[in-house]
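Descriptive analysis of the structure
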Amino acid sequence: MKLTIIGSGSMATALSIGLQKHYELEVVAKDISKAKLLASKLNKPLDIYPLNNYDITGKTILLCVKPYALDEVAANLKGEATSLISILASTPIKTLFDAINAKHIVRAMPNVSAAFGASTTTLVGSHDLKNEALKIFESIGDAFWLKSEKELDIATAIAGSGPAYLALIAEAMMDGGVKQGLQRDDSMKLVRSLFKGFAPLLANSHPALIKDSVMSPAGTTAAGYAALEECGVRDAFIKAIECAYKVTQKK
Ligand SMILES: NC(=O)c1ccc[n+]([C@@H]2O[C@H](COP(=O)([O-])OP(=O)(O)OC[C@H]3O[C@@H](n4cnc5c(N)ncnc54)[C@H](OP(=O)(O)O)[C@@H]3O)[C@@H](O)[C@H]2O)c1
């Protein structure tokens, strides 16, 4: 099956790298040189087409441009796509239907881990496209069908933005190790390994139980954990999800 990716930025590249093993791909882009850069990161050749007057008839489209570019992109397309899967944040299905001719539309919110086959993707939209869209994103990680666009916008604040939040935690822990005298390289190796080892723990247990299993009375973890609570880390994360969600509602 062939997927047509419109766009050639970070997410178009991450998705292409992940999807190339499972699908035939073609890329449609405003700037052909950027599409060539994307193609250079893949293991197999890719057809590249200019956006200008591109015919989407009968195609399954993965729309990966900036939300503000929707109208300009739509004006350059002709025909009617069979399926449109949009990863545009803050862009409701109605807006997509108004802009682009497509029989079925699904909104998907993947993340940059798609390049490693480890995206967390949430989806919502046309039920006729549900199974196909889930299959596409399950080929590059976990995919969850949600009940409403509101839920997808909340999920965007967790799983779409999430890699940036976890990167902040990772970097802060590395810096903490260096502050106490650990070599930067060693600190980095430890944090990378910690995240790798934490994934199976979280997959098999509740966060509160993981915490309880590590924290002994008056021990090192209890001291560190108390410092995190004093600094309001829990509140900060709840607020971060709230602020990110609010931005998805602005446009
Ligand atoms: N980054 C994430 O983690 C993430 C996660 C989930 C969803 N998203 C969504 O993914 C989409 C792409 O984000 P990104 O991070 O990949 O951004 P990006 O790297 O800046 O790429 C944006 C793409 O949009 C194209 N574009 C911008 N203006 C255009 C126009 N007027 N006409 C045609 N193409 C235009 C760009 O083409 P040129 O470079 O040629 O201008 C580029 O291919 C966004 O809608 C975002 O909401 C992002």
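The structure displayed is predicted, hence computed values, not measured ones.

**Details of the overall build of the chain**
When you go through the chain residue by residue, the secondary structure sums to 11 helices and 10 strands. Along the three orthogonal principal directions, the C-alpha set of the chain runs to about 70 × 35 × 30 Å. In the chain, once contacts between residues fewer than 6 apart in sequence are set aside, the share between residues at least 24 apart is 44%.

**Regarding the site of the ligand**
Near the ligand lie 26 residues; those nearest to it are G9, M11, D31, A69 and A89. When residues of the shell around the ligand are traced back to their parent elements, those giving at least two are α1 (10-19) and α3 (70-75). Looking at which element gives the most residues to the shell around the ligand, the answer is α1, with 3 residues. Tallied by class, the residues present in the shell around the ligand amount to 15 nonpolar, 6 polar and 5 charged.

**Topic: the nonpolar core**
Counting residues in each nonpolar core, the largest one holds 46 residues, and the members touching the most others are I5, L15, L63, C64 and L84. Discounting residues that sit within four places of it in the chain, L84 has contacts with I61, L63, L96, I100, A102 and I105.

**Considerations on the sheet that holds strand β2 (residues 24-29)**
With mixed pairing, 8 strands are arranged side by side in an open sheet as β3-β2-β1-β5-β7-β8-β9-β10. The sheet is open, and its two borders are formed by β3 (47-50) and β10 (141-145), each paired with just one other strand. Each strand axis lies, on average, 25° off the axis of its neighbour in the sheet, ignoring direction. The pairing of strand β1 (residues 2-6) with β2 spans 5 bridges and is classified as parallel.

**Digging into the environment of F195**
Tracing the backbone through its elements, the reader meets F195 in helix α8 (residues 184-204). We classify F195 as partly exposed; it has 13 C-beta atoms within 10 Å.

**Structural notes on the domain arrangement of the chain**
Annotation of the chain at the domain level lists domain 1 (2-146) and domain 2 (162-248). Look at where the C-alpha atoms of domain 1 and domain 2 centre, and you get two points 33 Å apart.

**With respect to the packing of helix α7 (residues 162-179) against α8**
Viewed as axis vectors pointing N to C, α7 and α8 meet at an angle of 140°, and their least axial separation amounts to 9 Å. Of the possible angle classes, the one that applies to α7 and α8 is oblique. In this structure, the crossing between α7 and α8 has a hand that is right-handed. Judged by residue contacts, A170, M173, M174, G177 and V178 of α7 engage R184, S187, M188, L190, V191 and F195 from α8. Of the residues contributing to the contact of α7 with α8, the split by class is 8 nonpolar, 2 polar and 1 charged.

Definitions and limits used
- Residues numbered from 1 in each chain as written.
- Predicted model: local features only at pLDDT ≥ 70, side-chain atom pairs only at ≥ 80, totals over all residues.
- Helix = DSSP H or I, 4+ residues; strand = E, 2+ residues; numbered from the N terminus.
- Contact = placed C-beta atoms within 7 Å.
- Near = placed C-beta within 6 Å.
- Nonpolar A, V, L, I, M, F, W, Y, C, P; charged D, E, K, R; others polar.
- Core = buried A, V, L, I, M, F, W, Y, C linked by C-beta atoms within 7 Å.
- Buried ≥ 20, exposed ≤ 12 C-beta atoms within 10 Å, placed from the backbone.
- Pairing = 2+ DSSP bridges.
- Axes fitted to C-alpha atoms, helices over the stretch in contact; angles between N-to-C directions.
- Domains from an automatic or database assignment.
- Parallel < 35°, antiparallel > 145°, perpendicular 65-115°, else oblique.
- Left-handed = near helix turned anticlockwise from the far one by under 90°.

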